[in-house]
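Now for the letters of each chain:
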Amino acid sequence: MILAFDGAPVDGPAYEAVTRLAQHSPRWLDTAVTVWSAYGLALFALLMVLGWWRARRTGDAAAVTALAVPLAALLAYGLDVVLKLVVREDRPCQSLRVSTLEACPAPGDWSFPSNHAAIAAAAAVALLFVSRWLGALACGAAAAMAASRVWVGVHYPHDVLTGLVVGGLTALGIMLAAGRLSPALARRMTAAGPLRLLLSASAHGPASAP
């Protein structure tokens, strides 16, 4: 038997209140939240691409900074996975007698912190360094993603809140470093052949004469 942490004493009553509300909510709302919870991370990927594309118009350093956004999300996910393996908290739907919108993950699929919340928060904070309006949109989406994971029944509130903190702080550190290193990295990428295609149009070489 795998020894696991029981997170129910932390905020189990709040989790149960949310899942009860979900069970008595309109079907269309539950369907929308379930779909968002399962597939919403695709929006963050789209915002990353859009942020990079817009940054290319600003300059090489801005493009490099935008390229750091998916790196921040990836590192946040990696750190989150490590924390899951250290804490080993059972899913709330395994510890409590509740009905959930999403099927309860199998034992050993740890709950703390939330991967979805960490990735979403990392993308949102990182995008703030690329575009304020894209970052603001992503921050709202990250909050919605975190809430949806509790709504569908697969996480405690403290799981998603910790995931948001882990993702946000990881992205903050990565993007601050990227801001300092982006000019030098842009110069190296400009001289690295195919990597120039990831930078601004001006990095692709001199324009053809009319």
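The structure contained in this document is the topic of the report that follows. Think of each chain on its own: its residues are numbered from 1, step by step along the sequence as written. Since the coordinates come from a predicted model, pLDDT governs what is reported: local features require at least 70, and pairs of side-chain atoms require 80 or more to be given and counted, while whole-chain, interface and lining totals use all residues. Here the side-chain values reflect all heavy atoms present in the structure, with hydrogen atoms and water set aside.

### Brief notes about the overall build of the protein chain
- Helix and strand definitions here come from DSSP, where helices need a minimum of 4 consecutive H or I residues and strands a minimum of 2 consecutive E residues; each element is numbered from the N-terminal end. The number of helices and strands found in the protein chain is eight helices and zero strands.
- Reading the secondary structure of the protein chain in the N-to-C direction produces α-α-α-α-α-α-α-α.
- Counting all 210 residues of the protein chain, 42% fall into the buried class.
- Taking as baseline every contact in the protein chain between residues at least 6 positions apart, the subset at least 24 positions apart corresponds to 79%.
- Per-residue and other accessible areas follow the Shrake-Rupley method at a 1.4 Å probe size, with only the shown protein chains counted as cover for residues. Summing over all exposed atoms, the protein chain offers an accessible surface of approximately 10,900 Å²; the carbon and sulfur share of this is 69%. Residue exposure (1.4 Å probe, protein chains only): buried if accessible area is under 20% of the type maximum, exposed if over 50%, otherwise partly exposed. The contact rule is simple, with two residues in contact once any of their heavy atoms fall within 4.5 Å.

### With respect to the packing of helix α2 (residues 27-39) against helix α7 (residues 132-151)
- For helices, the fitted axis covers only the stretch in contact; all axes are lines through C-alpha atoms, and the angles between them, taken along N-to-C directions, range from 0 to 180 degrees. Where α2 contacts α7, the two axes come as close as 9 Å, and the packing angle between them is 110°. With respect to α7, the element α2 is oriented roughly perpendicular. As α2 runs across α7, the sense of the crossing is left-handed. Contacts between α2 and α7 involve L29, D30, V33, W36 and S37 from the first element and A141, A144, M145, S148, R149 and W151 from the second.
- Think of it as three bins: nonpolar holds Ala, Val, Leu, Ile, Met, Phe, Trp, Tyr, Cys and Pro, charged holds Asp, Glu, Lys and Arg, and polar takes everything else, Gly as well. Its residues assigned to classes, the contact of α2 with α7 shows seven nonpolar, two polar and two charged. Any angle that falls under 35 degrees is termed roughly parallel, while one over 145 is termed roughly antiparallel, one within 65 to 115 roughly perpendicular, and all others oblique. Note: crossing handedness is left-handed where the near helix turns anticlockwise from the far helix by less than a right angle, and right-handed where it turns clockwise.

### Here we look at the packing of aromatic side chains
- Pairing of aromatic side chains requires ring centres within 6.5 Å, counting the rings of Phe and Tyr and the six-membered ring of Trp. Pairs whose planes differ by under 30 degrees are stacked, by over 60 edge-to-face, and all others tilted. Evaluation of the coordinates by the stated rule reveals three aromatic pairs.
- Measuring from centroid to centroid gives 5.7 Å for W52 and W53, while their planes differ by 65°, and the two rings are edge-to-face.
- A residue is classified by how much of its surface remains accessible, and W53, at 42% relative accessible area, is partly exposed.
- Residue placement shows R56 over the ring face of W53; its charged tip is 4.8 Å from the ring centre. Should the NZ of a Lys or the CZ of an Arg lie within 6 Å of a ring centre and within 35 degrees of the ring normal, that charge is described as sitting over the ring.

### Re the nonpolar core
- In plain words, nonpolar cores are sets of buried Ala, Val, Leu, Ile, Met, Phe, Trp, Tyr and Cys residues tied together by side-chain atoms within 4.5 Å. Counting 23 residues, the largest nonpolar core has F44, V69, A126 and A138 as its most contacted members.
- Looking at this core, the elements that each hand over two or more residues are α3 (41-56), α4 (60-87), α6 (115-128), α7 and α8 (157-190).
- Take this core: its biggest share by element is seven residues, from α6.
- Excluding residues within four positions of it along the chain, F44 makes contact with W36, A120, A123, A138, A141 and A142.
- One finds A8, A117, A146 and Y156 within the second-largest nonpolar core, a separate group that totals nine residues.

### Let's talk about the environment of A103
- Considering the arrangement of structural elements, one finds A103 in the loop between α5 (92-95) and α6.
- The exposure class assigned to A103 is exposed, which follows from its relative accessible area of 65%.
- C-alpha of A103 to C-alpha of C93: the two residues are ten residues apart in sequence and 8.8 Å apart in space.

### Here we look at the environment of P113
- Turning to its location among the elements, P113 is positioned in the loop between α5 and α6.
- Each C-alpha atom of the pair P113 and L83 lies 7.0 Å from the other, and the pair is 30 residues apart in sequence.
- In this structure, P113 is in contact with D80, L83, K84, H155, D159, T162 and G163, ignoring residues within four places of it in sequence.

### Some details on the pattern of salt bridges
- Should a side-chain nitrogen of Lys or Arg be within 4 Å of a carboxyl oxygen of Asp or Glu, the pair is scored as a salt bridge. Summed over the entire model, instances satisfying the criterion amount to two salt bridges.
- With a closest N to O distance of 2.9 Å, R91 and D109 form a salt bridge. Placement of the pair is R91 in the loop between α4 and α5 and D109 in the loop between α5 and α6, with a sequence separation of 18 residues.
- By relative accessible area, R91 is classed as buried at 6%.

### A short note on the state of the cysteines
- Any cysteine sulfur atom paired with another within 2.5 Å is treated as part of a disulfide. Scanning all chains against the criterion turns up one disulfide.
- Each disulfide pairs two cysteine sulfurs, and for C93 the partner residue is C104, the sulfurs being separated by 2.2 Å. Where C93 bonds to C104 through sulfur, the torsion about that S-S bond is close to 85°, and the disulfide is right-handed. A residue pair is termed long-range when its members are at least 10 positions apart, and C93 in helix α5 and C104 in the loop between α5 and α6 qualify at eleven residues.
- The class of C104 is partly exposed, set by a relative accessible area of 33%.

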